[in-house]
Amino acid sequence: MIDLHFHSLYSDGTDTPEDLARMGDALGLAAMALTDHDTVDGLHRFLAMQDQVAPRLLAGTELSCTFLGRSLHVLGLLVDPHDATFQARLIELRGRRQDRNLRLVARLQELGFPITLERVQAEADSPLLSRVHVAAALVRLGVVTTPDEAFRRLIGDGCPGYVSRQELTPREAARWIREAGGVPIVAHPGRFAGRAFRWDEAMQDLRSQGMTGFESIYGEYGPEEEAYFRALAKRLGMLESGGSDYHGANKPGVPLGRGRRNIAVPDHFLSELESARARGDWN
Ligand code: AMP
Ligand code: MN
Ligand code: MN
Ligand code: MN
């Protein structure tokens, strides 16, 4: 069993990279990839744990792009965390994120909420700020009672407090990941659109833009979604990936390795990703 999607406190999770490696070890995982949003900065600490734990520790990251006018997440699995071009590109993305954060706080102030960037920063253990931290600040200020309510009423996509940020195209995201030696994987397609969506056509479009595969097993899929996306991968001949999307205390009820409903991502997903990468025929 493996887990190729989870977050540390270097983005919007709450665990240290060392604790994540130890937790995967305790679970008996065969391999695990840390995939923080827009950063590879937690990876040196994570990868340095390799001599202390049994699971293979792998590099990853998660980028946001815009597809059909909505946000689509892309995992960069097996990227080289030392790649200087990739690091510079991630700095650019974090700049756009910080610009979005400033506008998001200003928008919430316009709506009458007493939030400040300092309040948001106080909820985070790293300089990278996410809407997760904005949601935590809104809870602490008593504006909402749960982070989920903050996303549903105020800061989720399409809500009154939502502000967009300049995101990559899927083509750019895939190219950046490939140029850093990684494999571009569409993250949780079931969160982008449900099974009624024209996924055959959309996923082939994403493949033509450089995506190698997608998450067919995911910590928040129901059994029907998992069956649907596993069948889609077989139909299209695309690679599969899987992970919990564990965020620690920032996403309760979604444990590492297991997700909401005790998923089991098979080891062969990783061997197939690695052989495709070694062959260089990622499409
Ligand atoms: P950002 O990347 O700053 O736009 O924040 C998006 C992050 O918010 C995602 O990566 C999720 O971790 C988190 N998120 C999205 N929707 C929800 C929700 N309904 N409840 C809690 N966290 C959420
Ligand atoms: Mn997240
Ligand atoms: Mn995501
Ligand atoms: Mn994620």
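Everything numeric here is computed off the predicted structure, so don't read it as measured data.

Some thoughts on the overall build of the protein
At step 1: Within the protein, the regular secondary structure consists of eleven helices and seven strands.
At step 2: By its C-alpha atoms, the protein is 55 × 45 × 40 Å across when sized along the principal axes.
At step 3: Counting over 283 residues, the protein shows a buried share of 56%.
At step 4: Partitioning the intrachain contacts of the protein with sequence separation of at least 6 by distance along the chain shows that 72% fall at a separation of at least 24.
At step 5: Across the protein, the centroid of the 33 positively charged side chains sits 4 Å from that of the 39 negatively charged ones.

Regarding the sheet that holds strand β6 (residues 213–218)
Across a sheet, strands are paired by hydrogen bonds formed along the backbone, either parallel or antiparallel in direction.
At step 1: Taken together, the seven strands give an open sheet; going across it, the order is β1-β2-β3-β4-β5-β6-β7, and neighbouring strands pair in mixed fashion. Edge strands, defined here as strands with exactly one partner in the open sheet, are β1 (2–3) and β7 (239–243).
At step 2: Relative to strand β4 (residues 70–77), strand β3 (residues 56–67) is paired through eight bridges, and the arrangement is antiparallel. Directly across from Thr61, in β4, lies its bridge partner Gly76.
At step 3: Along the sheet, helix α9 (residues 199–208) makes contact with β3, β4, β5 (183–186) and β6, crossing β3 at roughly 110°.

A closer look at the pairing of β5
At step 1: Residue alternation in β5 divides its side chains into two sets, Val183 and Ile185 and Pro184 and Val186, and both sets are buried.
At step 2: The pairing of β4 with β5 spans four bridges and is antiparallel. Looking across to β5, one finds that Val74 is bridged to Val186.
At step 3: With two bridges connecting them, β5 and β6 associate as parallel partners. If you follow Val186 over to β6, its bridge partner there is Phe214.

Observations regarding the site of ligand 1
At step 1: Around ligand 1 sit Asp12, His37, Arg97, Arg100, Ser130, Arg131, Val132, Asp148, Phe151, Arg165 and His247, and those are all the residues in its vicinity.
At step 2: One of the side-chain N or O atoms of Asp148 is found 3.2 Å from a nitrogen atom in ligand 1.
At step 3: Here ligand 1, which alone exposes 510 Å², has 82% of that area covered by the protein.
At step 4: Contributing elements (two or more residues each) for the shell around ligand 1: α3 (84–110), α5 (131–140) and α6 (147–155).
At step 5: Grouping the amino acids of the shell around ligand 1 by side-chain chemistry returns two nonpolar, three polar and six charged.

Brief notes about the environment of Thr61
At step 1: Checked against the element boundaries, Thr61 lands in strand β3.
At step 2: In this structure, the C-alpha to C-alpha distance between Thr61 and His37, residues 24 residues apart in sequence, is 5.9 Å.
At step 3: In this structure, Thr61 is in contact with Leu34, Thr35, Asp36, His37, Asp38, Thr39, Val40, Val74, Leu75, Gly76 and Phe86, ignoring residues within four places of it in sequence.

Structural notes on the coordination of the manganese ion (ligand 4)
At step 1: For the manganese ion (ligand 4), the protein coordination sphere consists of His5 (NE2), His7 (NE2), Glu62 (OE) and Asp245 (OD), at 2.1 to 2.2 Å.
At step 2: Sequence positions of the donors to the manganese ion (ligand 4) reduce to the motif H-x1-H-x54-E-x182-D.
At step 3: Separating the manganese ion (ligand 4) from the manganese ion (ligand 2) is a gap of 4.5 Å. Linking His5 in the loop between β1 and α1 (17–27) with Asp245 in the loop between β7 and α11 (267–279), this pair joins segments that are 240 residues apart in sequence.
At step 4: On the accessibility criterion, Asp245 (2% relative accessible area) is buried.

A word on the coordination of the manganese ion (ligand 3)
At step 1: Looking at the manganese ion (ligand 3), the protein donor atoms are Glu62 (OE), His73 (ND1) and His188 (NE2), and they sit 2.1 to 2.2 Å from it.
At step 2: Between consecutive donors of the manganese ion (ligand 3), the numbers of intervening residues give the motif E-x10-H-x114-H.
At step 3: Separating the manganese ion (ligand 3) from the manganese ion (ligand 2) is a gap of 5.5 Å. In this pair, Glu62 sits in strand β3 while His188 sits in the loop between β5 and α8 (189–192), placing the two residues 126 residues apart along the sequence. Both residues of the pair, Glu62 and His188, belong to the buried class.

Reading the values: the criteria
- Counting restarts for each chain, with residues numbered from 1 along the sequence as it is written.
- Following the order in which they are written, the chains are lettered starting with A and the ligands numbered starting with 1.
- Given that the model is predicted, a residue must reach a pLDDT of at least 70 before its local features are reported, and side-chain atom pairs must reach 80 or more before they are shown or counted; all residues, however, enter totals for whole chains, interfaces and linings.
- Neither water nor hydrogens contribute to the side-chain values; these are computed over all heavy atoms in the structure.
- Numbering of helices and strands runs from the N terminus, with a helix taken as a DSSP run of H or I at least four residues long and a strand as a DSSP run of E at least two residues long.
- Relative accessibility thresholds used throughout: buried, under 20% of the residue-type maximum; exposed, over 50%; partly exposed, between the two (1.4 Å probe, protein chains only).
- Contacts are residue-level and defined by heavy atoms, with any inter-residue pair within 4.5 Å sufficient.
- In this charge count, Lys and Arg are treated as positive and Asp and Glu as negative; neither His nor the chain ends contribute.
- For this purpose, a charge sits on NZ of Lys, CZ of Arg, CG of Asp or CD of Glu.
- When DSSP finds two or more bridges between a pair of strands, those strands are recorded as paired.
- Fitted lines through C-alpha atoms give the axes, limited to the stretch in contact for helices. The angle between two N-to-C directions lies from 0 to 180 degrees.
- What makes a residue near a molecule or strand is one non-hydrogen atom of that residue sitting within 4 Å of it.
- Here a polar contact is recorded for every N or O atom pair within 3.5 Å, except that within protein the pair must consist of a potential hydrogen donor and a potential acceptor, and residues adjacent in sequence are included only if both atoms are side-chain atoms.
- Note that accessible areas follow from Shrake-Rupley with a 1.4 Å probe, and for residues the cover is restricted to the protein chains shown.
- Gly falls in the polar group here, along with every residue not listed as nonpolar (Ala, Val, Leu, Ile, Met, Phe, Trp, Tyr, Cys, Pro) or charged (Asp, Glu, Lys, Arg).
- Sites may look incomplete, because water is not among the atoms used; the donor set itself consists of N, O and S atoms within 2.8 Å of the metal (3.2 Å for Na, K and Ca).

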